[in-house]
Amino acid sequence: MARMSDRSPESTAPHRAGFACFVGRPNAGKSTLTNALVGTKVAITSNRPQTTRHTVRGIVHRPDAQLVLVDTPGLHKPRTLLGERLNDVVRTTWAEVDVIGFCLPADQKLGPGDKFIAKELAGIKKTPKIAIITKTDLVESKAVGEQLIAVHRLAEELGFEWAEIVPVSAVGDSQVQLLADLIAPLLPESPPLYPEGDLTDEPEMVMVAELIREAALEGVRDELPHSIAVVVEEMIPRENRPADRPLLDIHANVYIERPSQKGIIIGPKGSRLKEVGMKSRKHIEALLGTPVFLDLHVKVAKDWQRDPKQLRKLGF
Ligand SMILES: Nc1nc2c(ncn2[C@@H]2O[C@H](COP(=O)(O)OP(=O)(O)OP(=O)(O)O)[C@@H](O)[C@H]2O)c(=O)[nH]1
């Protein structure tokens, strides 16, 4: 009733702002959904699991709300120190956000991985949880319906309720906007947390490193699944350039775990590394909006995934 006397819901509704994160098993479509919501490429996607190593935030600016998306790596059975650290990052993130979106691909039956995550979610009582059925473009609507029921039951069995269940397709741009509409009212009343125009608060160097890593993994994922780390050592504007022709020098190291992997990355006569450089340079230039000179070096950091000192150095 109160609403009836309002001049318009838009003008009187309080502004809301807060954090949301998408969780789900590897390859569930979290990064792609983040990109679709934010409208620009900020998180790194791949068709291989566990590419999202760093917490990347995309920011959705709306007149009524500001939604800060925290993209976390998938929770998985830890086999290495890196795996354990990643799981800790995920849990800490979950406890801090205002809304959790649980991504479940429409084209796959619920499995032990989903149940494992759902059980963890059940333990986080206060935070509203939205179930997001992703990749709906891959299946018929009947299968989406069946997945909706299965997902509803999953929460029921674990003694909690979803704040919403929403089917989306990030690739087909279906219901992505609706998802933002459903998340917005769940955020606390607050002025915007970030200035308009900000898409991410991830340091540029980290994003540049991710773009290089993505290019370096292209085509060799089977041989080097999780063995590549990239560190940007420096980014400095080239001196004595005319004002209308700036150039940014970027020096980065590509770390691998064993000397035997060097050849795979570098390729015959350095051809592959050259290609990695060219590809990632294009993306970096698009991201930073300036011409770039990219200097890549391949280094061996022995067993970096298992060594706490190396992990710290590589930013984990
Ligand atoms: N057809 C279709 N494919 C999708 C959709 N969303 C994501 N994908 C594909 O699914 C794969 C995994 O998507 P990501 O967004 O990288 O998944 P993720 O959950 O972030 O994966 P991790 O980083 O491994 O945790 C990629 O090949 C995407 O192109 C969608 O809506 N429709």
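Quick caveat: nothing in here was measured; it's all calculated off a predicted structure. (Residues numbered from 1 in each chain as written. Predicted model: local features only at pLDDT ≥ 70, side-chain atom pairs only at ≥ 80, totals over all residues. Heavy atoms only, no water.)

Participant: Before we move on, can you summarise the overall build of the protein with the specific residues and values?
Facilitator: When helices and strands are tallied, the protein shows 11 helices and nine strands. Counted over contacts in the protein with a minimum sequence separation of 6, partners at least 24 positions apart contribute 70%. Roughly 16,400 Å² of accessible area belongs to the protein as shown, and the carbon and sulfur atoms make up 53% of that amount. (Helix = DSSP H or I, 4+ residues; strand = E, 2+ residues; numbered from the N terminus. Contact = heavy atoms within 4.5 Å. Areas by Shrake-Rupley, 256 points an atom, 1.4 Å probe, with all protein chains shown as cover.)

Participant: Quick rundown of the nonpolar core? Include the residues and the values.
Facilitator: Membership of the largest hydrophobic core comes to 26 residues, with the highest contact counts inside it found for Ile212, Ile228, Ile250, Ile284 and Leu296. Every element with two or more residues in this core is listed here: α8 (204-217), β7 (229-237), β8 (248-256), α10 (271-288) and β9 (292-300). Of all the elements, α8 adds the most residues to this core, at seven residues. (Core = buried A, V, L, I, M, F, W, Y, C linked by side-chain atoms within 4.5 Å. Buried < 20%, exposed > 50% of the residue type's maximum accessible area, 1.4 Å probe, protein only.)

Participant: Describe helix α7 (residues 176-183), with residues and values.
Facilitator: Residues Val176, Leu179, Ala180, Leu182 and Ile183 constitute the buried set of α7. The buried residues of α7 occupy an angular sector of 160° when projected down its axis, which confines them to one face. (Arc of directions from axis to C-beta.)

Participant: Outline the packing of aromatic side chains, supporting the account with residue identities and numerical values.
Facilitator: The tally for this structure, following the rule as stated, stands at two aromatic pairs. A centroid spacing of 5.0 Å and a plane angle of 75° characterise the contact between Phe160 and Trp162, whose relative ring orientation is edge-to-face. With relative accessibility at 13%, the residue Phe160 sits in the buried group. Three or more aromatic residues link up through ring pairs in this structure, and these residues are Phe102, Phe160 and Trp162. Above the ring of Phe293, the side-chain terminus of Arg238 is found at 5.5 Å from the ring centroid. (Phe/Tyr/Trp six-rings, centres within 6.5 Å; stacked < 30°, edge-to-face > 60°. Lys NZ or Arg CZ within 6 Å of the ring centre and 35° of its normal.)

Participant: Describe in detail the sheet that holds β8, supporting the description with residues and values.
Facilitator: Judged by pairing direction, the sheet is mixed, and its three strands sit side by side in the order β7-β8-β9 without closing on themselves. What marks the edges here is a single partner per strand, and that holds for β7 and β9. For this sheet the average axis-to-axis angle between neighbouring strands, irrespective of direction, equals 15°. Bridging between β8 and β9 involves nine bridges; their strand directions are parallel. When the sheet's bridge partners are listed, Asp249 is paired in β9 with Phe293. Across the sheet, α10 lies against β7, β8 and β9, angled at about 130° from β9, the strand it touches most. (Pairing = 2+ DSSP bridges. Axes fitted to C-alpha atoms, helices over the stretch in contact; angles between N-to-C directions.)

Participant: Could you give an account of the packing of helix α3 (residues 30-38) against α7, with specific residues and numbers?
Facilitator: One can describe the packing of α3 onto α7 by two numbers: an axis separation of 10 Å at closest approach and a directional angle of 85°. As judged from the angle between their axes, α3 and α7 are roughly perpendicular. For the pair α3 and α7, the contacting residues are Leu33, Ala36 and Leu37 in the first and Val176, Leu179 and Ala180 in the second. In the contact of α3 with α7, the residues fall into six nonpolar, no polar and no charged. (Parallel < 35°, antiparallel > 145°, perpendicular 65-115°, else oblique. Nonpolar A, V, L, I, M, F, W, Y, C, P; charged D, E, K, R; others polar.)

Participant: Outline the pairing of strand β6 (residues 164-167), listing residues and values.
Facilitator: For a regular strand, side chains alternate in direction, first toward one face of the sheet and then toward the other. As judged from the four bridges shared by strand β5 (residues 129-134) and β6, these two strands associate in the parallel manner. For Ile130, the partnering residue across the bridge sits in β6 and is Glu164. After leaving β5, the chain enters helix α6 (residues 141-157) and then returns to the sheet as β6, a path that is right-handed. (Right-handed = clockwise from strand over helix to strand, strands pointing away.)

Participant: Give me the packing of α8 against α10: which residues, what numbers.
Facilitator: Axes are the key here: two packed helices are described by the angle between their axes and the distance separating the axes. Look at α8 against α10: their axes get within 8 Å of each other, and the N-to-C directions meet at 145°. At the point where α8 passes α10, the crossing takes the right-handed sense. Counting all contacts with α8, which are made through Glu204, Met207, Val208, Leu211, Ile212, Ala215, Ala216 and Leu217, the residues of α10 involved are Arg272, Val276, Lys279, Ser280, His283, Ile284, Leu287 and Leu288. Its residues assigned to classes, the contact of α8 with α10 shows 11 nonpolar, two polar and three charged. (Left-handed = near helix turned anticlockwise from the far one by under 90°.)

Participant: Break down the pattern of salt bridges for me, with residues and values.
Facilitator: Going through the model one piece at a time under the given rule, you end up with eight salt bridges. Asp249 serves as the salt-bridge partner of Arg238, at 2.6 Å between the closest nitrogen and oxygen. Placement of the pair is Arg238 in the loop between β7 and β8 and Asp249 in strand β8, with a sequence separation of 11 residues. Take Asp249: its relative accessible area is 10%, and that puts it in the buried class. In this structure, a network of salt bridges that share partners links the residues Arg62, Asp64 and Asp181. (Salt bridge = Lys/Arg side-chain N within 4 Å of Asp/Glu carboxyl O.)

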